[in-house]
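Observations on chain architecture
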Amino acid sequence: MPELAAHARDVPVNQIREITEAAWHTPGAIVLSIGEPGFALPRHILESGMACLDRDETNYTPNAGIPALRDAFAARFRERAGLHTSLGAERVYVVDGAQQGLHFAMSLLLSPGDEILIPNPGYPTFAMTSRLLNAVPVGYPLYPEHDFQPRIHDIEALVTDRTRVLILNSPSNPLGAVLGEDLTRQLVDLARKYDLWIISDECYEAFTYDVPHVSPARFDSDVPGEARVFTSLTLSKTYGLTGLRIGALICPPGLEQKMNNVMEAIVSCVASPSQYAALAALTGPQDYVRHAHDHYRANRDAASAVLDAKGIPYLSAQGAFYLWADVSHVSDGDVRSWTRRFLSDSGVAFAPGTAFGSIGEGWVRIALCGACEDLVNGVGRLPDRQDS
């Protein structure tokens, strides 16, 4: 048999999936390793998708998506991002989930050998996807002593003549950290200084706690040839539509035709029932989002109280639905192996911090999505720090 391409052979195992698959095969396990919203979908969303099938509207849609959905995404983004521009639907491309949107953006921006700056710790597919495109991911450090916030001089020190893209992720998966307005503006200025593209992953924009969500697009230019921010959105987290695979990629002005060409080559178009379900989610009642926000915040507070009682350090999450906790007192310098042992011994699955980069050694990501009782029970099984 011929060999696979080197860039495919070298894609590492996703450690989040590794521990989660093990948990799914462990009877009675409490699975806190994956970010899967657990609420039933609102009926109006389900009915909109089913109605599309009932009327047999199952043909191709335009590459960029049905016009009404593009309008709805544009309207939500203008409102949520506080844009003082006339961003229209022509810059919105409906994608098959945020992950396809990230691949779409990187396909447009990266040539073989180009470097892309990604957060460390950061979501694993930032590195995985860029490697599949023969690009080189370069991690910029997010240190515990700086509350896992990026520092401009740390990023600037990594820029070379091969650097093309800076990825930003706020609210952060896995950290729950949120970029403030001043820092976000400085990061956009840095990209402008070195003529870099920005891909802004805003999957969790609906979930911030006591701080605003700040989109880098607020500080971008509206002038074709000067604008540089791509924004990746999803309805997987906001409305729990993980299996429908629906999101949007918003491009800078002037790239619309190129976007169509590349979209055709990657996926052609997204399934029409998913698009109509998404339209109902964006334009219908927003009770689901409000309920989810309150639930995640309450779960954050409940889990934080357990960690406080155990003396276990953690990053106080300002957004998303994860807690980032320091288990170095028990993980013995190999948190990936420790999470497997802990699952076997205690029946609880956490995502190992090394799934997100080298700085994640000694840390775990705790998902706050499920039932509070399970969350408190699972976190409560962690050994107290003082006992170690």
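Provided above is the structure to which this section pertains.
Residues numbered from 1 in each chain as written. Predicted model: local features only at pLDDT ≥ 70, side-chain atom pairs only at ≥ 80, totals over all residues. Heavy atoms only, no water.

It is worth spelling out the overall build of the protein chain at this point. Regarding its fold elements, the protein chain presents 14 helices and 12 strands. Here the C-alpha radius of gyration of the protein chain, 21 Å, is about what a compact globule of 388 residues would show, namely 21 Å. Seen through its C-alpha atoms, the protein chain measures out along the principal axes to roughly 60 × 55 × 55 Å. Within the protein chain, counting contacts between residues at least 6 apart in sequence, those at least 24 apart form 75% of the total. In the protein chain, which carries 31 positive and 46 negative side-chain charges, the distance between the mean positions of the two groups comes to 1 Å. (Helix = DSSP H or I, 4+ residues; strand = E, 2+ residues; numbered from the N terminus. Rg over C-alpha atoms; globule rule 2.2 N^0.38 Å. Contact = heavy atoms within 4.5 Å. Lys, Arg positive; Asp, Glu negative; His and termini not counted. Charge placed at Lys NZ, Arg CZ, Asp CG, Glu CD.)

Residue Asn 120 is joined to Pro 121 through a cis peptide bond whose omega torsion reads 5°. Along the chain, the position of Pro 121 falls in the loop between strand S3 (115–120) and helix H6 (124–132). Pro 171 follows Ser 170 through a cis peptide bond whose omega is -10°. If you trace the backbone, Pro 171 turns up in the loop between strand S5 (163–169) and helix H8 (181–193). Within the chain, Asp 56 stands out as a residue other than glycine whose phi angle is a positive 55°. Turning to its location among the elements, Asp 56 is positioned in the loop between helix H3 (43–54) and helix H4 (67–81). Here the phi dihedral of Ala 320 falls at roughly 60°; this positive angle occurs in a residue that is not glycine. With respect to the helices and strands, Ala 320 occurs in the loop between strand S9 (314–315) and strand S10 (322–326). Given a relative accessible area of 1%, Ala 320 falls into the buried group. (Buried < 20%, exposed > 50% of the residue type's maximum accessible area, 1.4 Å probe, protein only.)

Here we come to the nonpolar core. Judged by nonpolar contacts, the single largest core of 119 residues is most densely connected at Phe 350, Ile 366 and Val 379. With 7 residues, helix H11 (residues 287–310) is the single largest residue contributor to this core. The residues contacting Phe 350, other than those within four sequence positions of it, are Ile 19, Leu 32, Ser 33, Trp 338, Thr 339, Phe 342, Val 364, Arg 365, Ile 366, Gly 378, Val 379 and Leu 382. Counting residues in each nonpolar core, the second largest holds 6 residues, with Ile 19, Ala 22, Ala 23 and Ala 29 among its members. (Core = buried A, V, L, I, M, F, W, Y, C linked by side-chain atoms within 4.5 Å.)

For Gly 28, the position within the fold is in the loop between helix H2 (15–24) and strand S1 (30–32). Taking the C-alpha atoms as reference points, Gly 28 and Val 348, 320 residues apart in sequence, are found 9.0 Å from one another.

Attention now goes to the packing of aromatic side chains. Enumeration over the complete set of coordinates arrives at 17 aromatic pairs. Here Tyr 204 and Phe 321 contribute two aromatic rings whose centre-to-centre distance is 5.1 Å and whose plane-to-plane angle is 85°, an arrangement assigned as edge-to-face. In this pair, Tyr 204 is assigned in the loop between strand S6 (197–201) and strand S7 (229–234) and Phe 321 in the loop between S9 and S10, connecting sequence segments 117 residues apart. You'll find Tyr 204 and Phe 321 in the same group, each marked buried. An angle of 55° between the planes, with centres 4.7 Å apart, marks the rings of Tyr 296 and Phe 321 as tilted. Pair noted here: Tyr 296 is in helix H11 and Phe 321 is in the loop between S9 and S10, with a separation of 25 residues, a long-range link. A connected cluster of aromatic rings, assembled from ring pairs, spans Phe 39, Tyr 204, Phe 207, Tyr 288, Tyr 296, Phe 321 and Tyr 322. The ring of Tyr 276 is capped by Arg 55, whose NZ or CZ atom sits 4.6 Å from the centre of that ring. Geometry around Tyr 93 places Arg 70 over its ring, the cationic atom sitting 5.2 Å from the centre. (Phe/Tyr/Trp six-rings, centres within 6.5 Å; stacked < 30°, edge-to-face > 60°. Lys NZ or Arg CZ within 6 Å of the ring centre and 35° of its normal.)

Here we come to H2. For an α-helix, the turn length of 3.6 residues means that residues three or four places apart are oriented alike. When H2 is considered as a whole, its buried residues turn out to be Gln 15, Ile 16, Ile 19, Thr 20, Ala 22 and Ala 23. For H2, the angular spread of the buried residues around the axis is 160°, confining them to a single face. At its buried positions, H2 is contacted by S1, H6, helix H13 (335–346), strand S11 (348–352) and strand S12 (363–367). At the N-terminal boundary of H2, the capping side chain belongs to Asn 14, with an oxygen 2.9 Å from the backbone nitrogen of Ile 16. (Arc of directions from axis to C-beta. Polar contact = N/O pair within 3.5 Å; in protein donor to acceptor, adjacent residues only side chain to side chain.)

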